[in-house]
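Each chain is listed here by its residues.
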Amino acid sequence: MSAKKPLYRGRFAPSPTGPLHIGSLYTAVASFLQARSQQGQWLLRIDDLDPFRCKAQYSQQIISTLERYNLHWDEPIAYQSERHHSYRAALQTLQQQGRLYPCQCSRKDLANRQSANTVYDRHCLTQRPSANQTCALRLRLNAEQISFKDRVQGLQRQDLARQVGDFVIFRKDQVYAYHLAAIIDDDEQGVSEVLRGSDLLDSSFRQILLQQLLSIETPLYAHIPTINDAYGAKLSKQTFAADVALSPVRETLIQVLGYLNLQPPKELLDLEPSEILNWAIPRWSIDKIKPETSILF
Ligand code: GLU
Ligand code: ZN
């Protein structure tokens, strides 16, 4: 009996803090092609973890824009806002391991004590928290070196204690940290490879450490270059990148395939959006993506 190749499961995980712009559409298309070219599944997760920044209206907009571009996902959509029980359980495990400690430092406290870009000074590691103030929870790091081989960017290494410092797992405003939520969800959804923008490369080390502490298998990682504007800033809601819901579907898809180095011919313009994607699936290869952190819009 031949061994069955494990199924590829990829995902796209937008945060609904604004409409979908070309930079996020490009990540969506890349992860879609990566899954479909391996007869794998492609899942959609809405990262609406932060109630202060996310809006249901944007979730709806993102979902209908993905449909408009013919990026059809498998299985029901997962919403982080509905998954707090899983995050709470993971937090408790870390707490039982004695890895978490409360921190009451405000941004101002930190700015007064330490210069920007330095790691947290562990002020609260030895303090008793005052009862009438909410706390963040930080993860106490040991001398933890994390390395992994990124499918696009190559071998990566980080000394977490020196380069990141004890990081926040549960925020002072009582929101779970993205790092924790993302790894719990990727695991529960059986994601075999995380393909996302290189702006999240740095967060992978923290996520891998959390996977190790929680006995979760580390998926494969592939961080593709982000699309930056002429000023070097990543296209994002903050730089007012245009909503692709308003762009012409064929032209925009073809533009995205160009960014993914697929050299789409002009004739694709005569095809339906689903046919454009079908043209791209067999031509896609992650090896065509260069190990750069950004490309120009
Ligand atoms: N929700 C995150 C973002 O939009 C992406 C999370 C991930 O891909 O791990 O930046
Ligand atoms: Zn503190």
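Residues numbered from 1 in each chain as written. Chains lettered and ligands numbered in written order. Predicted model: local features only at pLDDT ≥ 70, side-chain atom pairs only at ≥ 80, totals over all residues. Heavy atoms only, no water.

Caption draft 1: The overall build of the protein chain, seen in detail. Counting its secondary structure elements, the protein chain contains nine helices and 12 strands. Since a compact globule built from 297 residues should have a radius of gyration of about 19 Å, the 20 Å found for the protein chain is in line with a globular shape. In terms of overall dimensions, the protein chain has a C-alpha envelope of 65 × 55 × 35 Å along the principal axes. Looking at the protein chain as a whole, 52% of its 297 residues qualify as buried. (Helix = DSSP H or I, 4+ residues; strand = E, 2+ residues; numbered from the N terminus. Rg over C-alpha atoms; globule rule 2.2 N^0.38 Å. Buried < 20%, exposed > 50% of the residue type's maximum accessible area, 1.4 Å probe, protein only.)

Caption draft 2: Local environment of the site of ligand 1. Inspection of the region around ligand 1 gives Arg-11, Ala-13, Ser-15, Asp-47, Tyr-178, Arg-196 and Leu-200 as its neighbouring residues. Within the backbone of Ala-13, one N or O atom sits 2.7 Å away from a nitrogen atom of ligand 1. One of the side-chain N or O atoms of Ser-15 is found 2.8 Å from a nitrogen atom in ligand 1. Within the complex, 80% of the 300 Å² of free accessible area of ligand 1 lies under protein. Partitioned by chemical class, the residues of the shell around ligand 1 number three nonpolar, one polar and three charged. (Near = heavy atom within 4 Å. Polar contact = N/O pair within 3.5 Å; in protein donor to acceptor, adjacent residues only side chain to side chain. Areas by Shrake-Rupley, 256 points an atom, 1.4 Å probe, with all protein chains shown as cover. Nonpolar A, V, L, I, M, F, W, Y, C, P; charged D, E, K, R; others polar.)

Caption draft 3: The coordination of the zinc ion (ligand 2), seen in detail. The protein atoms donating to the zinc ion (ligand 2) are Cys-103 (SG), Cys-105 (SG), Tyr-120 (OH) and Cys-124 (SG), with metal-donor distances spanning 2.1 to 2.3 Å. Around the zinc ion (ligand 2), the four donor atoms sit at angles spanning 100 to 122°, and that spread fits a shape best called tetrahedral. Read in sequence order, the donor residues coordinating the zinc ion (ligand 2) give the pattern C-x1-C-x14-Y-x3-C. You can see Cys-103 sitting in strand E4 (residues 100-103) and its partner Cys-124 sitting in the loop between helix H4 (107-113) and strand E5 (136-139), a full 21 residues away along the chain. Accessibility classification places Cys-103 together with Cys-124 in one group, the buried group. (Donors = N, O, S within 2.8 Å, 3.2 Å for Na, K, Ca; no water. Tetrahedral: all angles 85-135°; square planar, octahedral: opposite > 155°, others 65-115°.)

Caption draft 4: Just the environment of Lys-149, in detail. Mapped onto the elements, Lys-149 comes out in strand E6 (residues 145-150). Residues Lys-149 and Ala-13 lie 136 residues apart in sequence; the distance between their C-alpha atoms is 22 Å. Leaving out residues up to four positions away in the same chain, Lys-149 has contacts with Gly-154, Leu-155 and Tyr-221. (Contact = heavy atoms within 4.5 Å.)

Caption draft 5: Layout of the side chain of Arg-83. Relative to the helices and strands, Arg-83 resides in the loop between strand E3 (78-79) and helix H3 (84-96). We classify Arg-83 as buried; its relative accessible area is 14%. A distance of 3.0 Å separates a polar atom in the side chain of Arg-83 from a polar atom in the side chain of Glu-188. Not counting chain neighbours up to four residues away, the residues in contact with Arg-83 comprise Ile-184, Asp-185 and Glu-188.

Caption draft 6: Focus on the packing of aromatic side chains. Going through the model one piece at a time under the given rule, you end up with eight aromatic pairs. Here the aromatic rings of Tyr-26 and Tyr-259 are separated by 6.3 Å at their centres, their planes lie at 90°, and the arrangement is edge-to-face. In this pair, Tyr-26 is assigned in helix H1 (residues 22-36) and Tyr-259 in helix H8 (residues 249-259), connecting sequence segments 233 residues apart. The residues Tyr-26 and Tyr-259 share a single accessibility class, namely buried. Aromatic ring contacts, followed pair by pair, group Phe-12, Phe-32 and Trp-42 into a single cluster. (Phe/Tyr/Trp six-rings, centres within 6.5 Å; stacked < 30°, edge-to-face > 60°.)

Caption draft 7: How the structure looks around the packing of H3 against helix H6 (residues 178-188). Direction vectors running N to C along H3 and H6 enclose 115°, while the axes themselves pass 10 Å from each other. Taken together, H3 and H6 sit at an angle that is classed as roughly perpendicular. Pair H3 / H6 crosses with right-handed handedness. Here Ser-86, Tyr-87, Ala-90, Leu-91 and Leu-94 of H3 lie close against H6, whose contacting residues are Leu-180, Ala-181, Ile-184, Asp-185 and Glu-188. The residue inventory of the contact of H3 with H6, partitioned by class, reads seven nonpolar, one polar and two charged. (Axes fitted to C-alpha atoms, helices over the stretch in contact; angles between N-to-C directions. Parallel < 35°, antiparallel > 145°, perpendicular 65-115°, else oblique. Left-handed = near helix turned anticlockwise from the far one by under 90°.)

Caption draft 8: Quick look at helix H9 (residues 273-283). Considered for burial, the residues of H9 that qualify are Pro-273, Ile-276, Leu-277, Trp-279, Ala-280 and Ile-281. Of the surrounding elements, those touching the buried residues of H9 are H1 and H8.

Caption draft 9: Representation of H8. Within H8, the full set of buried residues consists of Val-249, Thr-252, Leu-253, Ile-254, Val-256, Leu-257 and Tyr-259. For H8, the elements touching its buried residues are H1, helix H2 (56-68), strand E11 (226-228), H9 and strand E12 (294-296). In the stretch just after H8, Asn-261 is the one whose phi turns positive, near 60°.

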